[in-house]
Amino acid sequence: MKTIASVQLPAAVRQPQYDRNQLRSRIVHLGFGAFHRAHQALLTDRVLNLKGGDWGICEISLFSGDKLMQALCEQKHLYTVQEKDRAGSKTIIVGAVHECLNTKLDGMPAIIEKFCEPQVAIVSLTITEKGYCIDAATGQLDLTHPLIVHDLQQPEAPHSAPGILVEALARRRARGLAPFTVLSCDNIPDNGAIVRRAILDLAKRRSADLTDWIHDNASFPATMVDRIVPATTPDTLAEIASICGVNDPCAVSTEPYIQWVIEDNFVAGRPAWELAGAQMVADVAPWEQMKLRMLNGSHSFLAWLGGLAGYQTIADCMEDALFRQAMLRLMMNEQAPTLSIADVNLSDYSQSLAARFSNPTLQHLTQQIATDGSQKLPQRMLNSIRWHLRHGGEWHYLALGVAGWMRYISGSDDDGNPLELRDPLKEKISALVAESSPENRVSALLTLCEIFGDDLPENAGFVREVTHAWRALCQYGARGAIARLING
Ligand code: NAI
Ligand code: CS2
């Protein structure tokens, strides 16, 4: 079978310019999803192109991706990234991946042992918000999570990402090996601190010595990651195949923009990612907060309200002047005031986000971004609302975003077409929707303390504003409610 590794690729397709035989699995990455392929792996490939070296990546997928990984092996771990916007496209073959393992193909024991190889210096993660098994409202490890319940009973044969890392660290300690850096690259606030706390919490239940060893020797840098990478579709794969002359099932398509802000705290070395454009800083928090609230907050706003209005993609929403204006007002009037970043002009930032969201070549589905809302609401909208409740600001667009989520997960759009609910809290949410009438839907959903905490449902101002937005959505539809807000 022909693959990108076996055919002569067109000259315009960029290929690795370094000796791939030098690579070793010094980075083990959990979550071989679309984002990692177009972000961390691509930037590592850029560094290798600039200075060579041995910083190869071992890709691991726990719960899915066996077919993808089979294909990756067949094409010698090479895959394609296409960067595109209105101005054109660029096609790059990434060569940084050295090997890959999948639970179904290779088994969990082989995966855990991979983390224990002496050369492993970094374990990076893109496992989605829900992969951390934390309570989204508190950021604490969720001890009732089925995977964590399992790992507490069988810590040496873990299933959850935090459980696997604790077992790997325990084995490294027992074998006299140094620990590694755990590098979370997911869109969660304080991602370094969150994964650190989850790991230490689990380790504590095994032994105090192990907990102290991890605490004193491992590191958990925070990161802000940014690049819009939609889920691949058959159309994108066909377009890339027509450029390369051969099919690549692992290919991804993305925007040209890329940003990675990393806390420079690595216990066993790292690739010189700054050569590839990464910003190495002492404090990531202001960057992360800016990105989560401005970019992701408005992404979710457009996904829920745009989905209700029948828009398929974010670019479709941006074509609608009302949605575009609402997104800019949400960012500048309600998210920007809550931020503490000093070095960025937020007005320029919001305009650049509007331009990126308008990229018509991306086909980023509102349905994809609307997924897992329970894991996204706190950092994208609710924490900003808390800020306004403390400081007395106005937050009508944020309220519409929260009510938009409530209406989206209620199951149908403004024309009555079904909207699918995909969320780790699906069972609970569906039961609350089924048991409540539209009149008491807001109060029913506010009982989800995993999302709203204990404080917001108790706050009369919060309940009033969200209920007002909910009623506007029920009465006028998403587009009508936005129009009323904009026109005062
Ligand atoms: P994807 O759906 O292509 O890949 C998700 C990966 O996470 C898969 O490898 C899957 O096996 C793994 N996973 C899912 N649930 C898991 C669990 N419970 N435990 C362990 N692994 C689990 O998604 P994609 O696009 O790669 O995004 C992943 C994450 O990357 C996002 O949730 C977000 O936090 C972050 N991100 C994504 C961006 C994007 O535009 N796609 C941009 C910035 C960050
Ligand atoms: C999106 C993000 O799927 C989502 O929830 O908001 O994945 C978004 O595309 C990235 O964070 C952009 O960096």
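Residues numbered from 1 in each chain as written. Chains lettered and ligands numbered in written order. Predicted model: local features only at pLDDT ≥ 70, side-chain atom pairs only at ≥ 80, totals over all residues. Heavy atoms only, no water.

**Some thoughts on the nonpolar core**
Among the nonpolar cores identified, the biggest contains 75 residues, and Phe301, Trp405, Met406 and Phe452 are the most heavily contacted of them. With 11 residues, the top contributor of residues to this core is helix H22 (residues 460–486). Looking at which domains feed residues into this core, each of domain 1 (20–281) and domain 2 (285–486) gives three or more. In contact with Met406, other than residues within four places in its own chain, are Val442, Leu445, Leu446, Phe452, Val466 and Trp470. Membership of the second largest hydrophobic core comes to 42 residues, among which are Cys116, Ala161, Val166 and Val182. (Core = buried A, V, L, I, M, F, W, Y, C linked by side-chain atoms within 4.5 Å. Buried < 20%, exposed > 50% of the residue type's maximum accessible area, 1.4 Å probe, protein only. Helix = DSSP H or I, 4+ residues; strand = E, 2+ residues; numbered from the N terminus. Domains from an automatic or database assignment. Contact = heavy atoms within 4.5 Å.)

**Brief notes about the packing of aromatic side chains**
Enumeration over the complete set of coordinates arrives at 8 aromatic pairs. Geometrically, the ring pair formed by Phe32 and Tyr79 is edge-to-face, given 6.1 Å between the ring centres and 85 degrees between the ring planes. Residue Phe32 is located in the loop between strand S1 (24–30) and helix H1 (34–38), and its partner Tyr79 is located in strand S3 (residues 79–85); the two are separated by 47 residues in the primary sequence. Note on Tyr79: relative accessible area 0%, which makes it buried. With a centroid separation of 6.4 Å and 45 degrees between ring planes, the pair formed by Phe115 and Phe180 is classed as tilted. (Phe/Tyr/Trp six-rings, centres within 6.5 Å; stacked < 30°, edge-to-face > 60°.)

**Here's the deal with the site of ligand 1**
Around ligand 1, 21 residues are found, and the nearest of them are Ala34, Phe35, Asp186, Asn187 and Val229. At 3.4 Å from an oxygen atom of ligand 1 is found a main-chain nitrogen or oxygen belonging to Thr126. One of the backbone nitrogen or oxygen atoms of Arg227 is found 3.1 Å away from an oxygen atom of ligand 1. About the coverage of ligand 1: the protein hides 80% of its 820 Å² of free accessible area. Across the shell around ligand 1, the residue classes break down as 10 nonpolar, 8 polar and 3 charged. (Near = heavy atom within 4 Å. Polar contact = N/O pair within 3.5 Å; in protein donor to acceptor, adjacent residues only side chain to side chain. Areas by Shrake-Rupley, 256 points an atom, 1.4 Å probe, with all protein chains shown as cover. Nonpolar A, V, L, I, M, F, W, Y, C, P; charged D, E, K, R; others polar.)

**Considering the pattern of salt bridges**
One pass over the structure, following the stated rule, counts 24 salt bridges. Between Lys204 and Asp201 there is a salt bridge; the shortest N-O distance is 3.6 Å. With a gap of 3 residues between them, Lys204 and Asp201 both fall in helix H8 (residues 191–204), about one helical turn apart. Since its relative accessible area comes to 55%, Lys204 is described here as exposed. By relative accessible area, which is 13% here, Asp201 ends up buried. (Salt bridge = Lys/Arg side-chain N within 4 Å of Asp/Glu carboxyl O.)

**So, the domain arrangement of the protein**
Taken domain by domain, the protein comprises domain 1 (20–281) and domain 2 (285–486). Facing 30 residues of domain 1, the contacting portion of domain 2 comprises 31 residues. In total, domain 1 and domain 2 occlude about 2500 Å² of area from one another, counting both sides; carbon and sulfur atoms represent 56% of this. Applying the counting criterion to the domain 1 and domain 2 interface returns 4 salt bridges. (Buried area = accessible area lost by both parts, 1.4 Å probe.)

**A look at the sheet that holds strand S8 (residues 223–226)**
Taken together, 3 strands build an open sheet; the order of strands is S8-S10-S11 and the sheet is mixed. Taken across any chain shown, the strands that pair with only one partner, and hence form the sheet edges, are S8 and strand S11 (279–281). Taking the axes of each pair of neighbouring strands and ignoring which way they run, one obtains an average angle of 15 degrees across the sheet. In terms of strand pairing, S8 meets strand S10 (residues 259–263) through 4 bridges, oriented antiparallel. In the strand pairing of S10, Val225 is matched with Trp260. (Pairing = 2+ DSSP bridges. Axes fitted to C-alpha atoms, helices over the stretch in contact; angles between N-to-C directions.)

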